[in-house]
Amino acid sequence: MPHGLRAGYPTFWREIGFGPRNALAVHCSLAHSGALRGLLEPVGDLLTTTAMDQPGHGQSGHWRGDRPFQEAMVAILHDFLADADGPIDLIGHSFGGTCALRAAAEAPERIRSLTLIEPPIYDALKATNAPEMAMQDALDAPFAAAMAAGNAAEAARLFSGVWGSGVPWETLSEDQQGDLIRRIHLIEGAGHTLNADVTGLLQPGGLEALDLPVLLIRGTVSPPSVPAILRVLAGRLRRAETVVIEGAGHMVPITHAVPVAQAIRAFLART
């Protein structure tokens, strides 16, 4: 498995598939690149995918806190893109999707297609005064309070309850719980970029300027902000289409990997 410096960060990545199209995949917060294997292997005849571990995740080095977490992630993605042989298919889940969108907007000539799975771009929704944002704020408030109080264990439990796979916290092993507790600070590190349009991408004309095929994927039982965010993105991105996976929540590429892979396969056939 390859491991080296990317944008100055010790980064681990794995290659999945053997297809003629090159792809780059970014997992969600608190996961790792292997979590996307169930999604990427079924499209391995189409894609040769580089799946990387974010800083502080999997086998990559720690996030140093020397720059905003999303900025560090986007710099790493640009490093991978610079090495690619031609345009690639970029896939991102959750926070990884927010990084993928930003990277694509900054270097659209390097992207063949973009797949965003439930990117929690809160700021896109706040501008619309949608009621779903207030609902999401209410769900997230206990987590924020736990983090402010320095209670990492409670924060991890609450975060998992809203943004996890639906598996009860009590059924997770001690190792699984401990891993989430140790890394829960990364959620706070990533959070401010979800609520602040630091690059101006969400300003009028920003998303509309992205002229490439975009696939938006969500589940039917995801947090309330998700479908509203995807509606905003679908309305502003020029070449976007949306696929909804029945019965799935926020961890849809893990819990419902096969239908997500089928949706991506159909999308790739059209691009």
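The structure this text deals with has already been given above.
Residues numbered from 1 in each chain as written. Predicted model: local features only at pLDDT ≥ 70, side-chain atom pairs only at ≥ 80, totals over all residues. Heavy atoms only, no water.

Asker: Just give me the short version of the environment of Leu24, but keep the residues and values in it.
Answerer: With respect to the element layout, Leu24 can be found in strand 3 (residues 21–26). Put simply, Leu24 and Val74 are 50 residues apart on the chain and 12 Å apart in space, counted from C-alpha to C-alpha. The residues touching Leu24, leaving out its near neighbours within four places in the chain, are Thr49, Thr50, Met52, Leu77, Phe80, Leu81, Ile88, Asp89, Leu90 and Ile91. (Helix = DSSP H or I, 4+ residues; strand = E, 2+ residues; numbered from the N terminus. Contact = heavy atoms within 4.5 Å.)

Asker: Hey, could you go over empty space enclosed by the protein for me, with residue numbers and the actual values?
Answerer: The rolling of a water-molecule-sized probe over the atoms marks out the regions of remaining empty space. Following the criterion strictly, the structure yields one cavity of 30 Å³ or more and no others. Lining the largest cavity are 14 residues, with Gln70, Ile121, Thr193, Asp197 and Leu201 positioned closest to its centre. If you list the elements that add at least two residues to the lining of the largest cavity, you get helix 3 (95–106) and helix 8 (185–195). Looking at which element gives the most residues to the lining of the largest cavity, the answer is helix 3, with three residues. Across the lining of the largest cavity, the residue classes tally to seven nonpolar, four polar and three charged. (1 Å grid on protein atoms, 1.4 Å probe; cavity = no way out; pocket = protein on both sides within 12 Å on 5 of 7 lines; lining within 4 Å. Points joined across faces, edges and corners; volume = space filled by probe spheres on them. Nonpolar A, V, L, I, M, F, W, Y, C, P; charged D, E, K, R; others polar.)

Asker: Outline the sheet that holds strand 3, listing residues and values.
Answerer: Strand order in this open sheet of eight strands is 1-2-4-3-5-6-7-8, and the pairing throughout is mixed. Edge strands, defined here as strands with exactly one partner in the open sheet, are strand 1 (3–6) and strand 8 (240–245). Each neighbouring strand pair of the sheet contributes to a mean axis angle of 25 degrees, computed without reference to strand direction. Two strands pair when backbone bridges link them, and strand 3 and strand 5 (residues 88–93) are joined in this way by four bridges, in the parallel orientation. Within strand 5, the position partnered with Ala23 by the bridge is Asp89. (Pairing = 2+ DSSP bridges. Axes fitted to C-alpha atoms, helices over the stretch in contact; angles between N-to-C directions.)

Asker: Could you give an account of the environment of Ala269, naming the residues involved and the relevant values?
Answerer: For Ala269, the position within the fold is in helix 11 (residues 257–270). Note on Ala269: relative accessible area 70%, which makes it exposed. C-alpha separation for the pair Ala269 and Leu46, spaced 223 residues apart in sequence, amounts to 9.4 Å. (Buried < 20%, exposed > 50% of the residue type's maximum accessible area, 1.4 Å probe, protein only.)

Asker: Which residues make up the layout of surface pockets, and what values do they have?
Answerer: If you add up the space inside the largest pocket, you get close to 970 Å³. Lining the largest pocket are 40 residues, and of these Ser29, Leu30, Phe159, Trp163 and Ile187 sit closest to its centre. Class assignment for the residues of the lining of the largest pocket results in 24 nonpolar, 12 polar and four charged.

Asker: Residues and numbers for the packing of aromatic side chains, please.
Answerer: Tallied over the entire structure, the rule returns four aromatic pairs. Relative to Phe159, the ring of Phe143 has its centre 5.6 Å away and its plane inclined at 50 degrees; by these criteria the two rings are tilted. Here Phe159 lies in helix 6 (residues 152–163) and Phe143 lies in helix 5 (residues 131–148), a separation of 16 residues in the sequence. A residue is classified by how much of its surface remains accessible, and Phe143, at 15% relative accessible area, is buried. Of the residues examined, Phe159 reaches a relative accessible area of 16% and is grouped as buried. Between the NZ or CZ atom of Arg64 and the centre of the ring of Tyr9, over which it lies, the distance is 4.2 Å. (Phe/Tyr/Trp six-rings, centres within 6.5 Å; stacked < 30°, edge-to-face > 60°. Lys NZ or Arg CZ within 6 Å of the ring centre and 35° of its normal.)

Asker: I'd like a rundown of the packing of helix 2 (residues 69–83) against helix 3, residues and numbers included.
Answerer: The N-to-C vectors of helix 2 and helix 3 enclose an angle of 60 degrees; their axes lie 9 Å apart at closest approach. Viewed along their axes, helix 2 and helix 3 adopt a mutual orientation that is oblique. Handedness of the crossing formed by helix 2 with helix 3: right-handed. Contact residues: Phe69, Gln70, Glu71, Met73, Val74, Leu77 and His78 in helix 2; Phe95, Thr98, Cys99, Ala100, Arg102, Ala103 and Glu106 in helix 3. Taken together, the residues that form the contact of helix 2 with helix 3 break down as eight nonpolar, three polar and three charged. (Parallel < 35°, antiparallel > 145°, perpendicular 65-115°, else oblique. Left-handed = near helix turned anticlockwise from the far one by under 90°.)

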